[in-house]
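Remarks on the overall topology
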Amino acid sequence: MAPRATRSAPASNGAAAKKRKTDTAAHASFDEDIINRIVNTRSKQRYLKSQSVALIGAGFSGGQPKGGVDQGPTVLFNEGNLVSQIKELEWEVEVEDHFPQMEHLKPNHEDTYGILKNVEYTSKVTHRIHDSVKKACEDGKLALTIGGDHSIAIGTVSGSLAVHKNIGLIWVDAHGDINTPEVTTSGNLHGCPVAFVSGLAGEVPPFNTWLKPEFDLSRIVYIGLRDLDGPEKKIIRDNNIKAFSMHEVDKWGIGRVVDAAVKYLYETAPDTKEHPCERDEDGNKLCPIHLSFDVDGLDPSVAPATGTPVRGGLTFREGHYIMEALHQTGSLVAVDITEVNPELGTVMERQTTISIGCSLVRSVLGEGLLY
């Protein structure tokens, strides 16, 4: 009887040996590549004129209903000794007015526009923040804004965009923050900043007296999403916005997600005569990066003292890896840390979240595990 046919013929001893040799060489090459890519020094940020941070306090809670988040900057500044921690990393620090409060900007009359709440108040505050971030970027300093609720990003993103026209935005958050006035059910503006800076929100007075909604939605990448309103999901789909939910983080790991986010922003950066892209030594495009980090992007077990916690979030190391990796790009021009609320939770939860806020800042400014 003839032998049963097989799907493939067995390899000869010579071919098998050759394959083993090839696999071994490839493995050795991979190991060597990984070893050579270990980073044990801080990265120079190419778009800054000096190793200098403009520390901008945005003590504002008007974008949402819970008090206390307006104290975030003061608490990180005083209890967290934030300036000393930054100086230890060999950054010069410029502090704006020692983190001013914003209460004096609140109008005495009813402050709504349709369903939207605290509209004039938020506009005044974010306009001020816009000017501060814009000046820091013009001066070639890293604009580090400490919030405050995430509505402050109306000012931070528009401020960095006013200087860096081909900027890319990485938005770390449990939420999309891209509700428009037509679809928001709460009217809280901390759920709307991406819609405002991109123009999706339309004409909303008095924002329309100063805000130029020029941000292109192809220039944002979300990381950590897990609590989106239905209309937000549709907006993200309809506008082909790049978004890595926690599903993608779980599936691919935070390293691949951050690499893909940065690569996408670099490769799609507008490169015009008026605003040309810088290029790396291989001729690949680069662009400035603005990171807007809401601490509720972290799991509540990591950062519990925040206003809208959602379980299933980024781990301690995943959050810090994002900061470390973006520092290593050398492309940062602006960073926001938002939604630390020291009046929520137990004493231990409060202290844990304050500590996390400070350690995230240290990581994005170059504190690594080996240096």
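In what follows, the structure referred to is the one given above.
Residues numbered from 1 in each chain as written. Predicted model: local features only at pLDDT ≥ 70, side-chain atom pairs only at ≥ 80, totals over all residues. Heavy atoms only, no water.

**Things to note about the overall build of the chain**
Selection rule: Per the convention used, a helix needs a DSSP run of H or I reaching at least four residues, while a strand needs a run of E reaching at least two, with both numbered from the N terminus. For the radius of gyration, the atom set is restricted to C-alpha positions; the globular benchmark scales as 2.2 Å times the number of residues to the power 0.38. A simple rule labels every residue: compare its accessible area, found with a 1.4 Å probe on the protein chains alone, to the largest value its type can have, and call it buried under 20%, exposed over 50%, or partly exposed in between. Using the Shrake-Rupley algorithm and a 1.4 Å probe, accessible areas are obtained, with residue cover drawn only from the displayed protein chains.
Within the chain one finds 11 helices and 10 strands. In terms of C-alpha radius of gyration, the chain reaches 23 Å, essentially the compact-globule figure of 21 Å for 371 residues. Judged by the C-alpha coordinates and their principal axes, the chain covers about 95 × 55 × 50 Å. Within the chain, buried positions represent 53% of all 371 residues. Summed over all atoms, the accessible surface of the chain reaches about 17500 Å², with 51% contributed by carbon and sulfur.

**Observations concerning a nonpolar patch on the surface**
To keep things clear, this is the line we draw: Distance thresholds for patches are 9 Å for like charges and 5 Å for nonpolar side chains (Val, Leu, Ile, Met, Phe, Trp, Tyr), applied to residues having over 30% relative accessible area and no salt bridge. Salt bridges are counted wherever a side-chain nitrogen of Lys or Arg sits within 4 Å of a carboxyl oxygen of Asp or Glu.
Nonpolar side chains collect at one region of the surface, where Ile35, Ile38, Leu369 and Leu370 lie side by side and expose about 470 Å² of accessible area between them. Mapping Ile35 onto the fold places it in helix H1 (residues 13-36).

**Structural notes on unusual backbone geometry**
In the segment running from Gly147 into Gly148, the intervening peptide bond is cis, with an omega of 15°. Along the chain, Gly148 falls in the loop between strand E5 (142-147) and helix H5 (153-163). Cis geometry is found at the peptide bond from Pro205 to Pro206, where omega equals 0°. A positive phi angle, close to 50°, is found at Asp177, a residue other than glycine. Looking at where Asp177 falls in the secondary structure, it is placed in the loop between strand E6 (168-172) and helix H6 (193-198).

**Comments concerning the pairing of strand E1 (residues 52-58)**
Strand residues, when the strand is regular, have side chains that alternate between the two faces of the sheet. Quick note on the threshold: By this definition, two strands are paired if DSSP reports at least two bridges between them.
Buried residues dominate E1, accounting for 7 of its 7 residues. Alternating positions in E1 separate into two faces, Ser52, Ala54, Ile56 and Ala58 on one and Val53, Leu55 and Gly57 on the other, with burial throughout. Pairing between E1 and strand E2 (residues 92-95): 4 bridges, direction parallel. Opposite Val53, over in E2, you have Val93 as the bridge partner. Here 6 bridges tie E1 to E5, and the two strands are oriented parallel to one another. Paired with Ile56 across the strands is Thr145, a residue of E5.

**Thoughts on the packing of aromatic side chains**
As a reminder of what qualifies: Aromatic rings from Phe, Tyr and Trp, taking only the six-membered ring of Trp, are treated as a pair when their centres fall within 6.5 Å; an angle between ring planes under 30 degrees marks them as stacked, one over 60 as edge-to-face, and anything in between as tilted.
Taken as a whole and judged by the stated rule, the model has 3 aromatic pairs. A ring pair is formed by Phe207 and Trp210, whose centres lie 6.3 Å apart and whose planes are at 40°; its orientation type is tilted. Taken together, the ring pairs in this structure connect Phe196, Phe207 and Trp210 into an aromatic cluster.

**Some points on the nonpolar core**
The tendency in soluble globular proteins is for nonpolar side chains to be buried side by side. Convention followed: We call a set of buried Ala, Val, Leu, Ile, Met, Phe, Trp, Tyr and Cys residues a nonpolar core when their side-chain atoms join them within 4.5 Å. Between two residues, a contact is recorded if the distance between any of their heavy atoms is within 4.5 Å.
The biggest cluster of nonpolar side chains holds 102 residues, and the ones touching the most others in it are Ile170, Phe196, Ile223, Leu291 and Leu365. Broken down by element, this core gets its largest block of residues, 8 residues, from helix H9 (residues 254-267). Setting aside its immediate chain neighbours within four residues, Ile170 contacts Val221, Ile223, Ala261, Val262, Leu265, Ile289, His290, Leu291, Ser292 and Leu326.

**Section: helix H4 (residues 119-138)**
Quick reminder of the rule: Between the first and last residue of a helix there are one fewer steps than residues, each counted as 1.5 Å, and that sum is the expected span.
Taking 1.5 Å as the rise per residue, H4 with 20 residues should run 28 Å; its terminal C-alpha atoms sit 28 Å apart, in good agreement. When H4 is considered as a whole, its buried residues turn out to be Val119, Tyr121, Thr122, Ser123, Val125, Thr126, Ile129, His130, Ser132, Val133, Ala136 and Cys137. Considering only its buried residues, H4 is in contact with E1, strand E3 (112-113), strand E4 (116-117), E5, H5 and strand E10 (332-338). Of the residues trailing H4, Gly140 is marked for its positive phi of about 75°.

**Quick word on the side chain of Thr145**
By the element assignment, Thr145 lies in strand E5. Thr145 has contacts with Ile56, Ala58, Ile129, Val133, Ile152, Thr156, Val335, Asp336 and Ile337, leaving out every residue within four places of it along the chain.

**Some points on the environment of Trp91**
Looking at the secondary structure, you find Trp91 in the loop between helix H3 (82-88) and E2. With a relative accessible area of 3%, Trp91 lands in the buried category. With 41 residues separating them along the chain, Trp91 and Ser50 place their C-alpha atoms 8.8 Å apart.

**Focus on the sheet that holds E10**
The strands making up a sheet associate through hydrogen bonds between their backbones, and the pairing can be parallel or antiparallel. Just so we agree on the cut-off: Axis angles are defined between N-to-C directions and span 0 to 180 degrees, where every axis is a line fitted to C-alpha atoms and, for a helix, only to the segment in contact.
A sheet is described by the order of its strands in space; here 8 strands give the open sequence E2-E1-E5-E10-E9-E6-E7-E8, paired in parallel fashion. The open sheet has two edge strands, E2 and strand E8 (242-245), and neither has a second partner. Along the sheet, successive strands turn relative to each other by an average axial angle of 15°, direction set aside. By the bridge criterion, 4 bridges tie strand E7 (residues 220-225) to E8 in an arrangement that is parallel. Residue pairing in the sheet places Leu225 in a bridge with Ser245 of E8. Sheet strands touched by H5: E5, E6, strand E9 (289-294) and E10. Its angle to E9, the strand with the most contacts, is close to 170°. Packing against the sheet, helix H10 (residues 316-329) makes contact with E6, E7, E9 and E10, and its axis sits at approximately 165° to E9.

**A closer look at H9**
The end-to-end C-alpha distance of H9 is 20 Å, a good match for the 20 Å that 14 residues give at a rise of 1.5 Å each. Of the residues making up H9, those classed as buried are Ile254, Val257, Val258, Ala261, Val262, Tyr264, Leu265 and Tyr266. Those residues of H9 that are buried lie in contact with E6, E7, E8, helix H8 (246-252), E9 and H10.

**Quick look at the side chain of Asn188**
Topologically, Asn188 is positioned in the loop between E6 and H6. Its relative accessible area of 13% is what places Asn188 among the buried residues. Discounting residues that sit within four places of it in the chain, Asn188 has contacts with Gly63, Gln64, Pro65 and Lys117.

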